[in-house]
Amino acid sequence: MTVDPITLEVIRNRLIAASGDIRRVVERAAYSPVLYEVIDFSCALLDAEANLVAETPGLPIFLANLTYSVRSTYETIGRDNLKPGDVILCNDPYNGGFTHCPDIVVLCPAFYEGEIHGWAAFRGHTVDMGGIYPGGWYANTTEVFQEGFRLPPVKIWMEGNPNEDVFRLIRANTRVPVSVLGDIRAMIAGVRTGSQRLLDVIEKYGLETTLGSIAEILEQGDTLARAALSRIPNGTYSAQAVLDGDGNDDAPLSQKLLLKLKITVEDEKMIVDFTGTSPQSIGPMNTPEPSTISAARYGFKIITTPYLPSNEGSFRPLEVIIPEGSILKPNFPAATAMWPTPITTIPDLMLRAVAPAVPEQVRGGHFGDSMADFIYGTDPRTGQYYVCAEGDAGGYGGQHNRDGAPALFSMALGDTYNVPVEVAEIRYPWLVERFELNQDTGGPGKYRGGLGARRDYRVIGHDAGMTVTTDRVLNTPPWGIFGGKEGRPSITRVYRTDGGEEEWRKVSNLPLKDGDLVSFQTGGGGGYGSPLERDPEMVLQDVINEYISAASARDDYGVVIKEPEMQVDQEATQKLREEMKASQGG
C-alpha cells in the first residue's frame, strides 16, 4: 500500500524513538558502568522477518548481527513455539550471539492479534560470563569452551513471567552475579518497553499502515544507498592490513594475520570480497560471520549515506564475500574472545581502498583498535569482587578539510564513552592520576591526525588482575593518506612500586600489586596530505596548545618557532621546507 508522506515520517520517527526508549530504560536501570556510562550496547526494532527497521546510536558493529539473532531464535526455538510475553536471551558466538560470551542479546517479539509483527532487540556487554579469567576478553584462549558460559536462544521470560531456571544457570556461572543479573533485568525491561512501543504504533495507525510504512522505509533506504553508489566511479579497489596477532606478548599464538579486501563498485552495487584473508587463528582473534558483515555494513554506510538513519534497505546494494574457515568466518569451536579486533580495521580499510575515487569522503587511518582493558579484584572497602570493563579512546585520521578528531572510541565501538574519573574512583578502589590528550600521537599532515589519550589508574589497598588486548601496534600503525604520516600506535605501560616498568600490547590476567600504576595510552590518527603543506600558523597553535612538540613542528612540519616569543620564523621555515622537499624528491 501507499502511505502518505506525513504519516510515513511520523511512523519512521516513532520507531526510531522506540529504539531510543530501549536505550533509556537500560541506562537508568543497569548496574554496571559498562552499560550506563560506556553505553557498550545497541538497540533496534526489526520486522517479523528480522529486517532492521530502526535503531538508536550504539555500536556500529552490531548493525547486522541482531538480525541473525532473531533468525537463530526462529531456527532454535521455532516461530510457532513463541508466545506473547516471551523474552529471548542468547550469547553463544555460534548460535544467536555471534560475538563473544560477555555480549548478551535480549529479544522481545511484538505480538498483535496472535501473530509476530516485529521485534525489539538489544545487545550489550556484561562484565563477566565466566571463562578462564574475569571479564571474558582474553588474548590466549584457543577454543570457545574456555571463554565463558554459552547460551543459545532460550526463553528467559515465559508468557510474562521470569524463567528462574535460566537465571539460576547464569548466577552459577558468573563471578559478579549481582551486577550481571541486574544488567540482564534492565535489558529485559528495555526490550519489553520497545516491543510495547511498536504495538502502540500499530494500535494508533493500524496494522496495514504500519507494515506499509516499514516496507516503504526499507525501500527508501535502498534507493538512497544506490543513488550514493552511483556517484562512485565503477571499478575495483583494494587494501590490506597485517594485524599483530593473538596470544600474550611473551607467548604469541597466531602472528601477522592478514586482513585483505577487494571492493568492486558496479552499477549501483558494491561487493566487498575478503578472499585472501588469513585462515582462522589459533587464538581468539576470530570474528563470527554476522559480525564481519556488520563491519562491512559500517564501512558501506560511511561511504554512502552516513547522515541518514540505518535500516535493512540501506544495505541491499551490498554483497559480502567471506572465505570459509578464515579469521572472519571461523569454524566451531574456534575462540572468539577478541572478535572486535579484526573487524575494527575493516571500515578503515574500506575507506583506504576507495580513497583514490572519493578523496573528500575518506580520512587517514584511525588508531585502529578497541583498546579493551579489564581490571578486577576484591574491593577492600566492601569485600565484594568487581570487574571493570571499558575501552579507551584514541585519534581518528585527518580529512580533506580538517584535522582528525581526538580521543574518540574506535570505529567498532562507535557511540560509546569513557568511565568518568569521578565514577571510576567511587565504584572501584583506584586513584585516577592522569587523564589527558597524548602529545605528538596524531600523524603529521596538511590536516593532522587526532590525538590519542592517556589514562593512569593506581591500584589502591589490594592486589588486582588486568587484561589488555591491543593491536595495530607492530605491523600496521594508523596510516596517513595522500602524503600524510602515520599516527603513533597504542601501548599500555605498567609502573611497578619497585621501580620496574613494563610495556604490554596483549596480556591476559597480569597480576597487579597494591600501589602499581597502569597507564593506558592510545594512539593517534594518520595525517591527510603532506605536513609540509600545513599552514605554519596552525602548526604554531598546535605547539601552544601542546598538541605537538616544538621538535615535531620542526622535524615533521618544517616549521621553525622562535622561543620564548612563540612566533613562526618565516624565513627559517621557508628555507627548511625547501630543504625537506628537496630531500624527499620534491
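The model shown is predicted, which means the values in this text are computed figures rather than measured ones.

Definitions and cut-offs
- Residues numbered from 1 in each chain as written.
- Predicted model: local features only at pLDDT ≥ 70, side-chain atom pairs only at ≥ 80, totals over all residues.
- Heavy atoms only, no water.
- Core = buried A, V, L, I, M, F, W, Y, C linked by side-chain atoms within 4.5 Å.
- Buried < 20%, exposed > 50% of the residue type's maximum accessible area, 1.4 Å probe, protein only.
- Helix = DSSP H or I, 4+ residues; strand = E, 2+ residues; numbered from the N terminus.
- Domains from an automatic or database assignment.
- Contact = heavy atoms within 4.5 Å.
- Buried area = accessible area lost by both parts, 1.4 Å probe.
- Salt bridge = Lys/Arg side-chain N within 4 Å of Asp/Glu carboxyl O.
- Polar contact = N/O pair within 3.5 Å; in protein donor to acceptor, adjacent residues only side chain to side chain.
- Nonpolar A, V, L, I, M, F, W, Y, C, P; charged D, E, K, R; others polar.
- Axes fitted to C-alpha atoms, helices over the stretch in contact; angles between N-to-C directions.
- Left-handed = near helix turned anticlockwise from the far one by under 90°.

Asker: What is the right way to read the nonpolar core from this model?
Answerer: A general tendency of soluble globular proteins is for nonpolar side chains to be buried together. Of all hydrophobic cores here, the largest spans 134 residues; its most connected members are Leu-15, Ile-170, Ile-263, Met-270 and Met-466. The leading source of residues in this core is helix H5 (residues 177-205), at 11 residues. Structurally, this core is a two-domain feature, drawing no fewer than three residues from each of domain 1 (5-222) and domain 2 (363-529). Residues within four places of Met-466 in sequence aside, it is in contact with Phe-374, Ile-375, Tyr-376, Thr-492, Val-494, Val-507, Ser-508, Asn-509, Leu-510, Leu-512, Val-518 and Phe-520. Counting 18 residues, the second-largest nonpolar core is a separate cluster that includes Ala-50, Val-105, Phe-111 and Ala-121.

Asker: What should I look at first to understand the environment of Ile-6 in this one?
Answerer: Assignment of secondary structure puts Ile-6 in helix H1 (residues 5-29). Assessed through its relative accessible area of 64%, Ile-6 is described here as exposed. For the pair Ile-6 and Gly-325, spaced 319 residues apart in sequence, the C-alpha to C-alpha distance is 48 Å.

Asker: What exactly am I supposed to notice about the domain arrangement of the protein chain here?
Answerer: By convention, interface size is frequently given as the accessible area that disappears when the constituent parts associate. Partitioning the protein chain into structural domains gives domain 1 (5-222), domain 2 (363-529) and domain 3 (535-585). For domain 2 and domain 3, the distance between their C-alpha centres works out to 29 Å. Taken together, the contacts link 10 residues of domain 2 with 10 residues of domain 3. For the pair domain 2 and domain 3, the summed buried area comes to about 850 Å², and 48% of that belongs to carbon and sulfur atoms. Broken down residue by residue, the surface that domain 2 buries against domain 3 is led by Gln-439, Asp-440 and Arg-448, which jointly contribute 50%. The shortest N-O distance in the salt bridge between Arg-448 and Asp-542 comes to 2.9 Å. Across the domain 2-domain 3 interface, the total number found is five residue pairs in polar contact (both at pLDDT 80 or more). For the side of domain 2 that touches domain 3, the residue count by class is three nonpolar, three polar and four charged.

Asker: Is there a simple way to explain the packing of helix H7 (residues 289-303) against helix H8 (residues 340-354) in this structure?
Answerer: Each pair of packed helices gets described by two things: the angle between the helix axes and the distance between those axes. Direction vectors running N to C along H7 and H8 enclose 35°, while the axes themselves pass 8 Å from each other. For the element pair H7 and H8, the recorded crossing hand is right-handed. Two secondary-structure elements touch here, H7 through Ser-291, Thr-292, Ala-295, Ala-296, Tyr-298, Gly-299, Phe-300, Ile-302 and Ile-303 and H8 through Ile-343, Ile-346, Pro-347, Met-350, Leu-351 and Val-354. Looking at the contact of H7 with H8, its residues break down into 12 nonpolar, three polar and no charged.

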